Amino acid sequence: MSMDFNSLAQQFTEFYYNQFDSDRTQLGNLYRDESMLTFETNQLQGAKNIVEKLVSLPFQKVTHRITTLDAQPASQNGDVLVMITGDLLIDDEANPQRFSQVFHLIPEGSSYYVFNDIFRLNYSA
């Protein structure tokens, strides 16, 4: 499979965070039953459980601001690893929270789905 993994990562990241910030109930089509999310210390498997977790997060408004985006091919099959760092602006808080997130994207037909999703807030030491 021939692809530009950096372009794919950029397009996926823009789509994912735009969707998350506007209506996270619609993220389910990016996950499958075998997909896994680690959100801080909670691990969930399956699209339904993952979306339920994302929808249950205790804020109304959120904006992701991306600081860095790195991508690498993850296998001969076209998998892509994507690592993002950035800031979260939550509700009307003045101070953003730093976060890191890693996605393992798996090709499926002409698109990709999220096999692994690891999210972590980054606290100052």
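This section reports on the structure supplied with the text. It should be emphasised that the depicted structure is a prediction, and the values quoted were computed from it without experimental measurement.

**Description of helix α2 (residues 47-55)**
1) Next: Turning to α2, its buried residues are A47, I50, V51, K53 and L54. With its buried residues spanning 160° around the axis, α2 presents them on a single face.
2) Next: Close packing links the buried residues of α2 with α1 (5-23), β1 (31-39) and β2 (42-45).

**Regarding the pattern of salt bridges**
1) Next: According to the stated counting rule, one finds 6 salt bridges in the structure shown.
2) Next: With a closest N to O distance of 2.4 Å, R32 and E108 form a salt bridge. Of the two residues, R32 sits in strand β1 while E108 sits in strand β5 (residues 97-108), which places them 76 residues apart along the sequence.
3) Next: Judged by its relative accessible area of 34%, E108 falls in the partly exposed class.
4) Next: Between D87 and R98 there is a salt bridge, with the nearest N and O atoms lying 2.8 Å from each other. One end of the pair, D87, is in strand β4 (residues 80-90); the other, R98, is in strand β5, with 11 residues separating them in the sequence.
5) Next: A relative accessible area of 13% places D87 in the buried class.
6) Next: Classification of R98 as partly exposed rests on a relative accessible area of 35%.
7) Next: A single network of salt bridges, built from pairs that share partners, joins R65, D87 and R98.

**Overview of the packing of aromatic side chains**
1) Next: This model, assessed by the stated rule, comprises 9 aromatic pairs.
2) Next: Ring centres 5.2 Å apart and planes at 85° place the aromatic pair Y16 and Y17 in the edge-to-face group. Of the two residues examined, Y16 and Y17, each falls in the buried class.
3) Next: Ring pairs connect the aromatic residues F12, Y16, Y17, F20, F39, F99, F103 and F119, which therefore count as one cluster.

**A look at the sheet that holds strand β6 (residues 111-122)**
Pairing between the strands of a sheet is mediated by backbone hydrogen bonds and can be parallel or antiparallel.
1) Next: Read across the sheet, 6 strands follow the order β2-β1-β6-β5-β4-β3 without closing on themselves; strand pairing throughout is mixed. In this open sheet, the two strands that pair with only one neighbour each are β2 and β3 (62-73). Taken pair by pair, the neighbouring strands of this sheet meet at an average axis angle of 15°, ignoring direction.
2) Next: Alignment of β1 against β6, held across 5 bridges, turns out to be parallel. From the neighbouring strand, F39 faces β6, where its bridge partner is F119.
3) Next: Running over the sheet, α1 touches β1, β3, β4, β5 and β6 and is turned about 155° from β3.

Thresholds, definitions, all that
Residues numbered from 1 in each chain as written. Predicted model: local features only at pLDDT ≥ 70, side-chain atom pairs only at ≥ 80, totals over all residues. Heavy atoms only, no water. Buried < 20%, exposed > 50% of the residue type's maximum accessible area, 1.4 Å probe, protein only. Helix = DSSP H or I, 4+ residues; strand = E, 2+ residues; numbered from the N terminus. Arc of directions from axis to C-beta. Contact = heavy atoms within 4.5 Å. Salt bridge = Lys/Arg side-chain N within 4 Å of Asp/Glu carboxyl O. Phe/Tyr/Trp six-rings, centres within 6.5 Å; stacked < 30°, edge-to-face > 60°. Pairing = 2+ DSSP bridges. Axes fitted to C-alpha atoms, helices over the stretch in contact; angles between N-to-C directions.

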